[in-house]
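Residue strings, one per chain:
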Amino acid sequence: MIPVPSPALEVRNLVKRFDRPAVDGLDLVVRSGEFYALLGPNGAGKTTTLRMIAGLLRPDAGSIRVTGIDALADPVAAKRVVAWISDEPMIYDKLTPEEYLEFIAGLWSVEPELAQARAQELLEWLGLAAHARERCETFSKGMRQKVALAGALVHDPRLIILDEPLTGLDAGSARQVKSVLRERARAGGTIIMTTHILEVAERMADRIGVIAHGRLVAEGTLDELRQQVGNGANAAIGGDDASGEASLEDTFLALVAQPAQAA
Amino acid sequence: MIQAGTAVWFARHESRLAWRDWLSMMTAGRRARARGVAIGFVAFIIFMHVVAYFVVGPSATAAPDKHTMITITATLLLAWLLMISQAMESMTRAFYARADLDLILASPTAAHKLFAIRISTVALTVAAMALPLAGPFIDMLIWRGGIRWLGAYGIIVAMGTAAAALAVALTVALFRAIGPKRTRLVAQVVAAVIGAAFVIGLQVAAILSYGTLSQASVLRSDGLFALAPDAGSVFWWPAHAVLGEIGPLAGVLIFSFVLLAIAVALVAPRFGEYAVAAAGAENAPTSRAQRRTIFRITSPRRALRRKEWILLRRDPWLVSQTLMQMLYLVPPAILLWRSFQAGGGAVNLLVPVLVMAAGQLSGGLAWLTISGEDAPDLVATAPVPAGFILRAKIEAVLGIIAVIFAPLVAALAIVSPWHALVTGLGVVIAAASATAIQLWFRTQAKRSQFRRRQVSSRVATFAEAFSSIGWAATAAVAAVSLWLAIAPAVFTLALLGGARYLSPRKHA
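Residues numbered from 1 in each chain as written. Chains lettered and ligands numbered in written order. Predicted model: local features only at pLDDT ≥ 70, side-chain atom pairs only at ≥ 80, totals over all residues.

(A) Inspection of the overall build of chain B at higher detail. In terms of regular secondary structure, chain B is built from 20 helices and zero strands. Taking all 508 residues of chain B together, the buried fraction comes to 41%. Across chain B, contacts joining residues at least 24 apart in sequence account for 80% of those joining residues at least 6 apart. (Helix = DSSP H or I, 4+ residues; strand = E, 2+ residues; numbered from the N terminus. Buried ≥ 20, exposed ≤ 12 C-beta atoms within 10 Å, placed from the backbone. Contact = placed C-beta atoms within 7 Å.)

Right, dumping it as structure tokens:
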């Protein structure tokens with residue numbers, strides 16, 4: 001019998017309340033090697049969900065398994081295989097990209113020689129090699145986000161969690177970041193990403209999850225989502241696609257409107 | 001209705017911003033605290049009046065002889081240097097704070113008017129900030145010595161005005177001499193040095209001449225008396241003004257206003273240019289490429305410690321803040337050096353000074369490493385057990401304290417092993433206490449918000465200060481008698497317990 005590999009991420013009945021439920025019984029499974037886009041309107045619970053998966057927030061209830069590891073019972077083991085990137089690059093102004101990558105490699109206990117080789121490769125890949133020994137304080141938002149991305153990849157994570165990684169990036173930087181992510185997914189890495197740029201999700205993601213009011217309201221490929229919404233979606237949300245086929249934007253708006261109407 | 005674009009209109013705009021900024025700083029952004037802050041302020045003023053009654057009350061009727069003139073002039077000089085230091089810091093911030101610069105320069109108003117107001121505001125702020133400290137002393141002098149002391153208030157205004165003028169001149173001179181990129185750091189260091197130089201200079205003179213840390217011994221010395229100018233000299237005008245002589249008061253006030261007017265006339269039209277240059281320098285690429293980093297770190301603990309040390313070393317704000325505290329270690333170091341030569345009981349003075357300095361330095365460093373984390377999410381997602389990050393950061397702080405204080409304690413051990421032991425223990429306990437307070441009251445902030453750390457929690461600020469003072473007192477007494485040291489130690493421990501109880505993390 002062939003053993004079934006654990007999913008890269010398995011979230012069951014996840015609950016987190018602040019003054020109101022932010023995440024309300026969320027179930028989510030992301031397969032290994034999958035590029036998964038999590039969409040939802042502002043305040044839907046996307047960031048809270050990702051922060052709980054990354055170990056930055058403790059859920060009130062539910063379970064999180066990362067590559068088969070119970071992230072709540074053994075957070076250190078889970079964090080070892082996860083990388084987290086937010087829309088605000090988490091870097092230190094007074095460190096150079098090289099020093100930053102050395103710091104992260106140290107935090108994740110990567111062998112120095114291996115880390116150095118990976119860092120060099122990543123800096124070249126992301127077009128940062130010429131700035132590798134300059135302090136990050138003068139870098140643009142795009143360069144900072146690329147440094148953060150290099151940091152996320154230097155310890156070779158199996159699951160990369162990205163929260164709005166393309167916010168504020170110029171076209172060139174956004175393309176480089178997307179290219180690196182696509183390469184990573186092609187090489188077998190698992191990526192879960194939130195974005196407000198629906199076109200990015202449409203082009204890059206293998207599957208898309210739509211979250212609203214703290215719950216997953218729909219999930220699947222773009223075609224599957226269209227089917228879930230039904231043919232009337234385009235008309236229902238006032239879409240103007242002449243082809244008659246609902247775009248992701250039409251589909252998304254129809255999906256997030258459903259629970260609101262139900263509520 | 002004030003006409004838009006006039007100097008008065010700008011003054012109203014600036015004063016409103018300054019008032020709201022000050023209120024926000026004092027209340028840490030919580031308006032509900034305003035009443036508590038007001039009550040605390042009134043209590044502080046009353047307390048200062050009581051202190052002033054005992055400190056300067058007996059001197060209120062002193063004859064205006066040369067000794068009195070020397071004491072008043074030295075006090076004014078000290079206050080003025082502190083004002084210049086503060087004005088330089090404000091001026092540097094005015095140049096480097098981009099905030100509304102684009103809006104002002106893009107608007108069709110005469111920007112130089114606003115910049116003139118902005119420079120004048122520094123003068124006003126510096127004088128206003130001196131009032132809560134100097135006012136109670138002047139009030140007590142007036143009460144005990146008569147209305148003639150009212151002139152001291154005029155001198156505070158004059159000193160604030162002259163300090164702002166000099167600060168503008170110094171900052172612009174630095175801009176021209178070393179460029180906008182280096183000015184920020186150098187101006188802060190110069191401000192710190194100016195602020196501390198006078199006190200330290202007097203202490204060093206006192207040590208070298210009399211073997212004591214007391215500045216008063218220099219001020220009362222015959223040598224200084226002989227060196228001082230004659231009674232009729234212009235040099236004493238500020239002192240005469242403080243004593244209520246109208247002529248010198250008017251002269252000093254006019255002189256200071258003329259200085260400020262010249263500074264405003266010269267700098268205001270080019271203020272925008274300087275500010276733009278400062279902003280450009282901030283965004284300019286690092287001119288000197290760093291050496292290639294050879295990856296050597298093999299553990300998370302080492303990675304965290306090294307990161308903290310690099311960041312602390314490269315933090316210009318911290319350099320100036322730390323330098324100020326380190327400068328105060330110069331006199332005790334000289335006293336220690338003299339003790340080598342002369343032997344004797346001067347070492348008793350060193351114990352509390354070193355312990356106090358260790359506590360204060362640790363507090364600042366601990367805030368930077370614990371609360372001032374620029375990438376909190378990054379370190380929180382690192383695969384290390386809970387508490388590991390904080391432990392590594394505390395090690396980084398205590399490592400720096402050890403590097404700074406160990407040589408001093410070792411040198412002290414040669415003179416007196418007992419004093420060295422007490423000082424060593426005191427340094428460790430004071431540093432640990434200050435770090436613990438920062439742990440209990442930790443917040444999440446950017447390192448650049450270091451200046452605001454003291455307003456984020458008043459309890460933490462006072463607890464940190466009184467803990468350092470308490471351990472310094474304990475160590476000073478312990479150096480003489482261990483039994484007597486129990487009382488201040490218990491008091492300081494109670495204070496720490498109180499701080500822990502009031503901390504938001506008491507259940508954490």
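(B) Quick look at the overall build of chain A. Check the secondary structure of chain A and you find ten helices and ten strands. Each of the 263 residues in chain A was classed as buried or not, and the buried ones make up 51%. Excluding contacts between residues fewer than 6 apart, the proportion of contacts in chain A whose partners are at least 24 apart in sequence is 68%.

(C) Geometry of the interface of chain B and chain A. Contact residues are listed per partner, giving 31 residues for chain B and 32 residues for chain A. Broken down by element, the side of chain B that touches chain A gets its largest block of residues, six residues, from helix 11 (residues 300-313) of chain B. Looking at the side of chain B that touches chain A residue by residue, the classes come out as 16 nonpolar, seven polar and eight charged. (Nonpolar A, V, L, I, M, F, W, Y, C, P; charged D, E, K, R; others polar.)

(D) Molecular detail of the pairing of strand 4 (residues 61-66) of chain A. Residues and elements named next belong to chain A. Pairing of strand 1 (residues 9-17) with strand 4 involves five bridges; the strand directions are antiparallel. Paired with L9 across the strands is V66, a residue of strand 4. Judged from the two bridges that link them, strand 4 and strand 5 (residues 69-70) form a sheet pairing that is antiparallel. Residue pairing in the sheet places R65 in a bridge with D70 of strand 5. Connecting the antiparallel pair strand 4 and strand 5 is a turn made up of two residues, with T67 showing a positive phi of about 45°. (Pairing = 2+ DSSP bridges.)

(E) Molecular detail of the packing of helix 1 (residues 7-27) of chain B against helix 5 (residues 111-145) of chain B. Residue and element names in this part refer to chain B. In contact at an axis separation of 9 Å, helix 1 and helix 5 are set at 50° when each is read in the N-to-C sense. Classified by the interaxial angle, the pair formed by helix 1 and helix 5 is oblique. By crossing handedness, the relation of helix 1 to helix 5 is classed as right-handed. Packed against helix 1, whose contacting residues are A7, F10, A11, E14 and A18, the element helix 5 presents K113, L114, A116, I117, R118, T121 and T125 at the interface. Class assignment of the residues belonging to the contact of helix 1 with helix 5 gives a composition of seven nonpolar, two polar and three charged. (Axes fitted to C-alpha atoms, helices over the stretch in contact; angles between N-to-C directions. Parallel < 35°, antiparallel > 145°, perpendicular 65-115°, else oblique. Left-handed = near helix turned anticlockwise from the far one by under 90°.)

(F) Local environment of helix 6 (residues 171-186) of chain A. Residue and element names in this part refer to chain A. Taking 1.5 Å per residue, 16 residues should reach 22 Å; helix 6 reaches 22 Å between its end C-alpha atoms and fits that length. Among the residues making up helix 6, those that are buried are S173, V177 and L181. Seen from one end, helix 6 has its buried residues packed into an arc of 70°, which puts them on one side. Within helix 6, the exposed residues directed more than 90 degrees away from the buried face are A171, G172, R175, S179, E183 and R186. On its buried face, helix 6 sits against helix 5 (141-153), strand 8 (190-194) and helix 7 (198-204). G188 occupies a position one or two residues after helix 6 and carries a positive phi of about 105°. (Expected span 1.5 Å × (residues − 1). Arc of directions from axis to C-beta.)

(G) Structural detail: the nonpolar core. Within the largest apolar cluster, 145 residues are counted, with the highest numbers of intra-cluster contacts made by A:A150, A:V154, A:I161, B:L354, B:V355 and B:A358. Here the element with the most residues in this core is helix 14 (residues 347-371) of chain B; it accounts for 16 residues. Here B:A358 is in contact with B:I401, B:F405, B:V427, B:A430 and B:A431, once residues within four sequence places are set aside. Among the nonpolar cores identified, the runner-up in size contains 71 residues, and B:A123, B:A167, B:L174 and B:L259 belong to it. (Core = buried A, V, L, I, M, F, W, Y, C linked by C-beta atoms within 7 Å.)

(H) Quick look at the pairing of strand 3 (residues 35-39) of chain A. Residues and elements named next belong to chain A. Burial analysis of strand 3 places five of its five residues in the buried class, the great majority of the element. Neither face of strand 3 is exposed, since F35, A37 and L39 on one face and Y36 and L38 on the opposite face are all buried. Note that strand 3 and strand 8 share four bridges and pair parallel. Each bridged residue has a counterpart across the sheet, and for F35 the counterpart in strand 8 is I191. As paired elements, strand 3 and strand 9 (residues 207-212) share four bridges and run parallel to each other. Residue pairing in the sheet places L39 in a bridge with V210 of strand 9.

(I) Spatial organisation of the confidence of the model for chain A. In the predicted model, chain A carries a mean pLDDT of 86, and the fraction of residues at 70 or more is 90%. Of all helices and strands in chain A, the one with the weakest mean pLDDT is helix 9 (residues 233-236) of chain A (50), whereas strand 4 of chain A scores best (95). (pLDDT = per-residue confidence, 0-100.)

(J) Representation of the sheet that holds strand 8 of chain A in the model. All names here are of chain A. An order of 6-7-8-3-9-10 is seen for the six strands of this open sheet, with the pairing classed as mixed. Looking at which strands have only one partner, the edges of the open sheet turn out to be strand 6 (82-85) and strand 10 (215-220). Taken pair by pair, the neighbouring strands of this sheet meet at an average axis angle of 15°, ignoring direction. The strands that helix 5 touches are strand 6 and strand 7 (159-163); relative to strand 6, the one it contacts most, it runs at about 170°. Packed onto the sheet, helix 8 (residues 222-229) meets strand 9 and strand 10 and runs at close to 120° relative to strand 10.

(K) Spatial organisation of the confidence of the model for chain B. Residues and elements named next belong to chain B. Counting all residues, the mean pLDDT for chain B is 80, and 83% of those residues have values of 70 or more. The least confident element of chain B is helix 18 (residues 453-456), whose mean pLDDT is 60; the most confident is helix 17 (residues 417-440), at 93. For this predicted complex, the interface score ipTM comes out at 0.82, while the overall pTM is 0.72.

(L) Structural view of the environment of B:A191. In this structure, B:A191 sits in helix 6 (residues 151-210). As for B:A191 and B:L170, which are separated by 21 residues in sequence, their C-alpha atoms are 9.9 Å apart.

(M) Molecular detail of unusual backbone geometry. Within the chain, A:T67 stands out as a residue other than glycine whose phi angle is a positive 45°. For A:T67, the location among the structural elements is in the loop between strand 4 and strand 5.

(N) Expanded view of the sheet that holds strand 2 (residues 21-30) of chain A. All names here are of chain A. Judged by pairing direction, the sheet is antiparallel, and its four strands sit side by side in the order 2-1-4-5 without closing on themselves. Strands with a single pairing partner mark the edges of an open sheet, and in this sheet they are strand 2 and strand 5. Along the sheet, helix 1 (residues 46-53) makes contact with strand 1, strand 2 and strand 4, crossing strand 1 at roughly 120°.

(O) Spotlight on the environment of B:R176. Residues and elements named next belong to chain B. Checked against the element boundaries, R176 lands in helix 6. Judged by local crowding, R176 falls into the exposed class, with 11 C-beta atoms found within 10 Å. A sequence separation of 98 residues divides R176 from Y274, and the C-alpha atoms of the two residues are 9.7 Å apart.

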